[in-house]
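Residue-level listing of the chains:
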Amino acid sequence: MRRFALVDCNNFYCSCERLFRPDLKRVPVVVLSNNDGCIVARSPEARALGIGMGVPLFKVRETVRRHNVRVFSSNYALYGDISARVMQTLERFSPDLEIYSIDEAFLDLSGVASPVAYGQEIRATVRRHVGVPVSVGIAPTKTLAKLANYAAKRFAETGGVVDLSAPHKQRRLLAITPVGEVWGVGRRIAASLQKLGVTTALDLARMEPRRIRRRFSVVLERTVRELNGESCIGLEAMPAAKKQIVCSRSFGEKLTGYAEVRQAVCEFAARTAEKLRREELLARMVHLFIRTSPFDGSGPGYSNAATGTLPCPSADSRAILALVTRLFDDIWKDGCRYAKAGVMLGDLCSPDQVQPDLFTAGDDQDRSDRLMRAIDAINHSGRGKIWFGGQRPQTDWFMRRAHLSPAYTTRWECIPEVC
DNA sequence: TCTGGGGTCCTAGGACCC
DNA sequence: TCTGGGGTCCTAGGACCC
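Chain A carries the name DNA polymerase V in an unreviewed UniProt entry, which gives Geothermobacter ehrlichii as its organism. Here is the UniProt Sequence similarities (unreviewed entry) comment for chain A, exactly as written: "Belongs to the DNA polymerase type-Y family."

Now the structure itself:
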């Protein structure tokens, strides 16, 4: 029988913050989104205080103060490194592993004789080697494995491992699970389903797949089939090539000046170009957007975007910056309090798929590659940065990160000392 | 005062082709 | 008054995920 395991780290960001801070055990901890805006991770103690997921910090200030909740800015250097260690550990348990997100992976466990014992071993090993707690959900389809994991987290008596291989167990769990908890059913679809009288995962599983396809989409039809044990979503062990690359930020404070916003936008453009080169891809399409905050009543609301095409697919920061500054002038409007901007690269391709431009082929391409490689090397050397005119890296418009923990595992000066 | 960022996939509709 | 049928491609927008 086909069998998937979903291994998911328990409130991952909080667990990472606790790794080097034993004093944070059993106390409420929350981690904030970029710019210290919303709460994106909560320890069980924080959840018990009624602090919701995705809530803006300022709305729960009082609770945070009264219960001395420990607050952290997001520290992606730390989370990314811990994530890599978890995934490395998981690789030992199955040759077929799909890294689904920073804190989750699907494993192919087909052929494993006693899945529950195996799941317990996975848990214990990650705990011992990396130090973060994980939950394991096992089932014949990915959607059911997600649900099994949900149960493993929710019900302490499961010991953190749930095996839904047996159909009667699947039904029992589906019957008590709200339909909105199903993977692929978001707020909107859950609301539409409610109107049809579908409130539990079991109700959804009992719907006629073809009817769901007509009324909703082929995506939800697959979900229905998966809930019934028919595997429709395979394991993707090879990470697919990226289709777009984005860099966008809310500003630490609202910006009104042409020059400041332009600098921010140029910085985003340079960052996307850098990511593009790291992926060894070229881009043809460049998209820029700027907007005011929808929550800001003190100025005119404005949101605009522009898209441009590079004459020839490129990963050269200069070409991308030139296009972005042109697009910027097209959409810039005076007198607004800008809250956010972003650059998106699309229509990506690998260098060997490209028909070289008759006029820039050869030497120019080679010079561009060498220049970009040199820039990236300098910027990653840790010995200072260089950038293009127009860019202004990490100054006052940059993110607020008032509660940042040290990069314990990725910077020499942050490594904890044991006395 | 303070409301994240980075992705994917699907669908509908329009433009265009023969 | 009558105005085809079958396609493809692109884009915008909406839904979802973590």
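Trainee: Hey, could you run me through the sheet that holds strand β4 (residues 70–72) in this one?
Mentor: Sheet strands line up and pair through hydrogen bonds in the backbone, either parallel or antiparallel. Pairing in this open sheet of three strands is mixed, and the strands run β3-β2-β4 from one edge to the other. Sheet topology places β3 (39–42) and β4 at the edges, where each strand pairs with a single neighbour. For this sheet, the mean angle separating the axes of adjacent strands, direction not counted, is 25°. With three bridges connecting them, strand β2 (residues 29–32) and β4 associate as parallel partners. From the neighbouring strand, Val30 faces β4, where its bridge partner is Val71. Along the sheet, helix α1 (residues 12–19) contacts β2, β3 and β4; its crossing angle with β2, the most-contacted strand, is approximately 115°.

Trainee: I keep staring at the UniProt feature "domain: UmuC" (unreviewed entry) in chain A and nothing clicks. Help me out?
Mentor: Those residues carrying the UniProt feature "domain: UmuC" (unreviewed entry) are residues 4–186 in this numbering. As a span, residues 4–186 carries 39% helix and 20% strand, and end to end its C-alpha atoms are 23 Å apart.

Trainee: Help me understand the protein's contact with DNA strand C in this model?
Mentor: Lining the immediate surroundings of DNA strand C are 13 residues, of which Ser101, Lys146, Gly186, Arg188 and Ile189 lie closest. By atom count, sugar and phosphate contribute 100% of the portion of DNA strand C lying within 4 Å of the protein. Here a phosphate oxygen of DNA strand C and a side-chain polar atom of Lys146 are 2.8 Å apart. Taken together, the elements giving at least two residues each to the surface near DNA strand C come down to β5 (97–101) and α8 (187–195). The residue makeup of the surface near DNA strand C, split by class, is five nonpolar, three polar and five charged.

Trainee: How do you make sense of the domain arrangement of chain A when you look at a structure like this?
Mentor: Interfaces are often sized by the accessible area lost when the parts come together. Looking at chain A, the domain boundaries give domain 1 (4–162), domain 2 (167–228) and domain 3 (245–381). In this structure, domain 2 and domain 3 have C-alpha centres spaced 40 Å apart.

Trainee: Quick question: what am I supposed to make of the packing of aromatic side chains here?
Mentor: How two aromatic rings sit relative to each other is given by the distance of their centres and the angle of their planes. One pass over the structure, following the stated rule, counts 14 aromatic pairs. Connected via pairs of aromatic rings, a cluster forms that spans Tyr258, Tyr302, Phe328, Trp332 and Tyr338. The ring of Phe106 carries the charged tip of Lys142 above its face, separated from the ring centre by 4.7 Å.

Trainee: Any chance you could explain the sheet that holds strand β11 (residues 303–314) here in plain terms?
Mentor: Strands sit in the order β9-β12-β10-β11 across an open sheet of four strands; the sheet is antiparallel. With partners counted over all chains shown, the strands left at the sheet margins are β9 (245–255) and β11, one partner each. Averaged over all pairs of adjacent strands, the angle between their axes in this sheet comes to 15°, without regard to strand direction. Of the pairings in the sheet, the one linking β9 to strand β12 (residues 338–346) comprises seven bridges and is antiparallel in character. Within the sheet, the bridge partner assigned to Arg249 lies in β12 and is Ala341. Each of β10 (283–292), β11 and β12 touches helix α13 (residues 317–331); the most contacted strand, β11, lies at about 150° to it.

Trainee: How should I be thinking about the protein's contact with DNA strand B in this particular structure?
Mentor: In the vicinity of DNA strand B, 22 residues are found, and the nearest of them are Ser33, Lys243, Val246, Ser248 and Ser250. One of the side-chain N or O atoms of Arg249 is found 3.1 Å from a phosphate oxygen in DNA strand B. For the surface near DNA strand B, the secondary structure elements donating two or more residues are α11 (218–227) and β9. Partitioned by chemical class, the residues of the surface near DNA strand B number nine nonpolar, five polar and eight charged.

Trainee: So what exactly am I meant to see when it comes to the side chain of Asp81 here?
Mentor: Relative to the assigned elements, Asp81 resides in helix α4 (residues 76–91). Filtering out sequence-adjacent residues up to four positions away, Asp81 remains in contact with Thr409 and Thr410.

Trainee: Which parts of the structure should I look at to understand the pairing of β10?
Mentor: In regular strands, side chains alternate between the two faces of the sheet. A large share of β10 lies buried, amounting to seven of its 10 residues. In the sheet, β10 pairs with β11 via eight bridges, with the strands oriented antiparallel. Across the sheet, residue Ala283 finds its bridge partner in β11, namely Ser314. In this structure, β10 lies alongside β12, joined through eight bridges in antiparallel fashion. Within β12, the residue paired with His287 across the bridge is Met344.

Trainee: Would you explain the nonpolar core in this entry?
Mentor: Soluble globular proteins: nonpolar side chains tend toward being buried together. With 38 residues, the main nonpolar core has Leu276, Ile290 and Leu345 as its most contacted residues. A total of eight residues in this core trace back to one element, the largest contributor, which is helix α12 (residues 258–278). If we ignore the near neighbours within four places in the chain, the residues touching Leu345 are Lys243, Gln244, Ile245, Thr272, Ala273, Leu276, Ala283, Met285, Val286 and Ile320. Membership of the second largest hydrophobic core comes to 34 residues, among which are Ile82, Leu90, Leu107 and Ile122.

Trainee: Any chance you could explain the packing of helix α6 (residues 142–154) against helix α7 (residues 167–175) here in plain terms?
Mentor: To describe two helices that pack against each other, one gives the angle between their axes and the distance between the axes. With their axes 11 Å apart at the nearest point, α6 and α7 run at an angle of 65° to one another. Classed by the angle they form, the pair α6 and α7 counts as roughly perpendicular. Two packed elements cross with a definite hand, and for α6 against α7 that hand is left-handed. Of α7, the residues touching α6 (which contributes Leu144, Leu147, Ala148 and Ala151) are Gln170, Leu173 and Leu174.

Rules behind the numbers
- Residues numbered from 1 in each chain as written.
- Chains lettered and ligands numbered in written order.
- Predicted model: local features only at pLDDT ≥ 70, side-chain atom pairs only at ≥ 80, totals over all residues.
- Heavy atoms only, no water.
- UniProt positions renumbered as here; feature names shortened; annotations may be inferred.
- Pairing = 2+ DSSP bridges.
- Helix = DSSP H or I, 4+ residues; strand = E, 2+ residues; numbered from the N terminus.
- Axes fitted to C-alpha atoms, helices over the stretch in contact; angles between N-to-C directions.
- Contact = heavy atoms within 4.5 Å.
- Near = heavy atom within 4 Å.
- Polar contact = N/O pair within 3.5 Å; in protein donor to acceptor, adjacent residues only side chain to side chain.
- Nonpolar A, V, L, I, M, F, W, Y, C, P; charged D, E, K, R; others polar.
- Domains from an automatic or database assignment.
- Phe/Tyr/Trp six-rings, centres within 6.5 Å; stacked < 30°, edge-to-face > 60°.
- Lys NZ or Arg CZ within 6 Å of the ring centre and 35° of its normal.
- Buried < 20%, exposed > 50% of the residue type's maximum accessible area, 1.4 Å probe, protein only.
- Core = buried A, V, L, I, M, F, W, Y, C linked by side-chain atoms within 4.5 Å.
- Parallel < 35°, antiparallel > 145°, perpendicular 65-115°, else oblique.
- Left-handed = near helix turned anticlockwise from the far one by under 90°.

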